[in-house]
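# An overview of the molecular structure
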Amino acid sequence: MSSHNVIEVQGVSTTLGGKSIHRDLDLSVARGEVIALIGGSGTGKSVLLREIIGLLRPQAGHIRLFGHSVWDSTPEQMNLLRRRFGVLFQDGALFSSLSVEDNVATPLFEHTELPHPLCRQLARLKLALAGLPADVSAKRPSELSGGMRKRVALARALVLDPELLFLDEPTSGLDPISARAFDKLIRLLADSLGLTVFLVTHDLDTLFSIIDRVIVLSNGRVLGSGSVAELKQIDDPWLNDYFAARAPNGETVHGN
């Protein structure tokens, strides 16, 4: 594995419910890249993310994070790896019974021996980093807008100071203004904190605004990898339709 790669996927094959999802799939992500993973429905984008972070085991292949094999690691080794990356799941996965502050502090409670008051103080710092006002800390997730809940989930993903950030459809369910604000926040954090970001998305505006490189999944493998301009040169029906959804003036065309 290259010393510059923080993610390395080699020969991964996945079958779920008798259906082949990935077939001998290869990809890599270099340190400091902001990567978007796209593909049609059922191409296994979120499945691949779960395999990379050790939640779902593929039938074949090798996955390495920071040079360490995810599926050959002991539970103790995986716990150490998990401290080096943060994850924002599509629905945020916040605990409804906990305050926002305790939601964000939970990884610190679980993975460190820091005193709880200090954990909560660090949580408040991360909430501020995610662009949230101080009065949010004591609220429950149900009291917040969708965009604010996403930011809380982002603060929690950042609370252990990870080197690598995984985001599963981070702008899903957000209105266009909130979605673009969230994109800008991700790019700002990536640049200022030196993060590597692996982002599963279908949002065209995200690709055009903050992404360094796009990886396309199709028929179980990587169809293409490169800039949006490079991917537009690939003659593929799904990709053609996907990019055609963006109007000549740069705005995304939304269906009725």
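Thresholds applied
- Residues numbered from 1 in each chain as written.
- Predicted model: local features only at pLDDT ≥ 70, side-chain atom pairs only at ≥ 80, totals over all residues.
- Heavy atoms only, no water.
- Pairing = 2+ DSSP bridges.
- Helix = DSSP H or I, 4+ residues; strand = E, 2+ residues; numbered from the N terminus.
- Contact = heavy atoms within 4.5 Å.
- Axes fitted to C-alpha atoms, helices over the stretch in contact; angles between N-to-C directions.
- Left-handed = near helix turned anticlockwise from the far one by under 90°.
- Nonpolar A, V, L, I, M, F, W, Y, C, P; charged D, E, K, R; others polar.
- Buried < 20%, exposed > 50% of the residue type's maximum accessible area, 1.4 Å probe, protein only.
- Domains from an automatic or database assignment.
- Buried area = accessible area lost by both parts, 1.4 Å probe.
- Salt bridge = Lys/Arg side-chain N within 4 Å of Asp/Glu carboxyl O.
- Arc of directions from axis to C-beta.

### Topic: the sheet that holds strand 5 (residues 68-69)
If you trace the 4 strands from one edge of the open sheet to the other, you get 2-1-4-5, paired in antiparallel fashion. Edge positions in the open sheet fall to strand 2 (19-30) and strand 5, since each of these has one partner strand only. Examined bridge by bridge, strand 1 (residues 5-16) and strand 4 (residues 60-65) share 5 bridges and lie antiparallel to one another. When the sheet's bridge partners are listed, Glu8 is paired in strand 4 with Arg64. Packed onto the sheet, helix 1 (residues 45-52) meets strand 1, strand 2 and strand 4 and runs at close to 120° relative to strand 1.

### Notes on the packing of helix 3 (residues 100-111) against helix 4 (residues 116-129)
The geometry of helix 3 relative to helix 4 is characterised by a closest axis approach of 8 Å and an angle of 120° between their N-to-C directions. For the pair helix 3 and helix 4, the crossing hand works out as right-handed. From helix 3, Val100, Glu101, Asp102, Val104, Ala105, Leu108 and Phe109 reach across to helix 4, where they touch His116, Cys119, Arg120, Leu122, Ala123, Arg124, Lys126 and Leu127. Residue composition of the contact of helix 3 with helix 4, by class: 9 nonpolar, 1 polar and 5 charged.

### Considerations on unusual backbone geometry
Positive phi is not limited to glycine here, since Phe66 has a value of about 55°. By secondary structure assignment, the location of Phe66 is in the loop between strand 4 and strand 5. In this structure, Asn219 is a non-glycine residue whose phi angle is positive, near 50°.

### Here we look at the pairing of strand 7 (residues 164-168)
Judged by how many residues are buried, strand 7 sits mostly within the fold: 5 of 5 residues are covered. Every second residue of strand 7 is oriented toward a common face, with Leu164, Phe166 and Asp168 on one face and Leu165 and Leu167 on the other, all of them buried. In this structure, strand 6 (residues 85-88) lies alongside strand 7, joined through 4 bridges in parallel fashion. By the bridge assignment for strand 7, Gly86 is matched with Leu165. Alignment of strand 7 against strand 8 (residues 196-200), held across 5 bridges, turns out to be parallel. By the bridge assignment for strand 8, Leu164 is matched with Thr196.

### Section: the domain arrangement of the chain
Partitioning the chain into domains gives domain 1 (2-84 + 163-255) and domain 2 (95-161). For domain 1 and domain 2, the distance between their C-alpha centroids amounts to 25 Å. The interface of domain 1 with domain 2 comprises 15 residues on the first partner and 13 residues on the second. Summing the contributions of domain 1 and of domain 2, the shared interface buries around 1,100 Å²; its carbon and sulfur component is 70%. For domain 1, the biggest contributors to the area lost against domain 2 are Arg83, Phe182 and Leu185; these three give 41% of the whole. The interface formed by domain 1 and domain 2 holds 0 salt bridges in total.

### Some thoughts on helix 9 (residues 237-244)
Restricting attention to buried positions, one finds in helix 9 the residues Leu239, Tyr242 and Phe243. Within helix 9, the buried residues cover an arc of 90° as seen down the axis, which keeps them to one side. Of the residues in helix 9, the exposed ones pointing more than 90 degrees away from the buried face are Pro237, Asp241 and Ala244. In this structure, the buried side of helix 9 is in contact with strand 3 (34-39), helix 7 (204-210), strand 9 (213-218), strand 10 (221-226) and helix 8 (228-231).

### Details of the pattern of salt bridges
All told, the structure shown has 11 salt bridges when counted by the stated rule. Note that Asp161 and Lys126 form a salt bridge whose closest N and O atoms lie 3.0 Å from each other. You can see Asp161 sitting in the loop between helix 5 (146-158) and strand 7 and its partner Lys126 sitting in helix 4, a full 35 residues away along the chain. On the basis of relative accessibility, which here comes to 56%, the residue Asp161 falls in the exposed class. For the salt bridge of Arg187 with Asp212, the shortest nitrogen-to-oxygen distance reads 2.9 Å. Note that Arg187 is positioned in helix 6 (residues 176-193) and Asp212 in the loop between helix 7 and strand 9, a separation of 25 residues in sequence.

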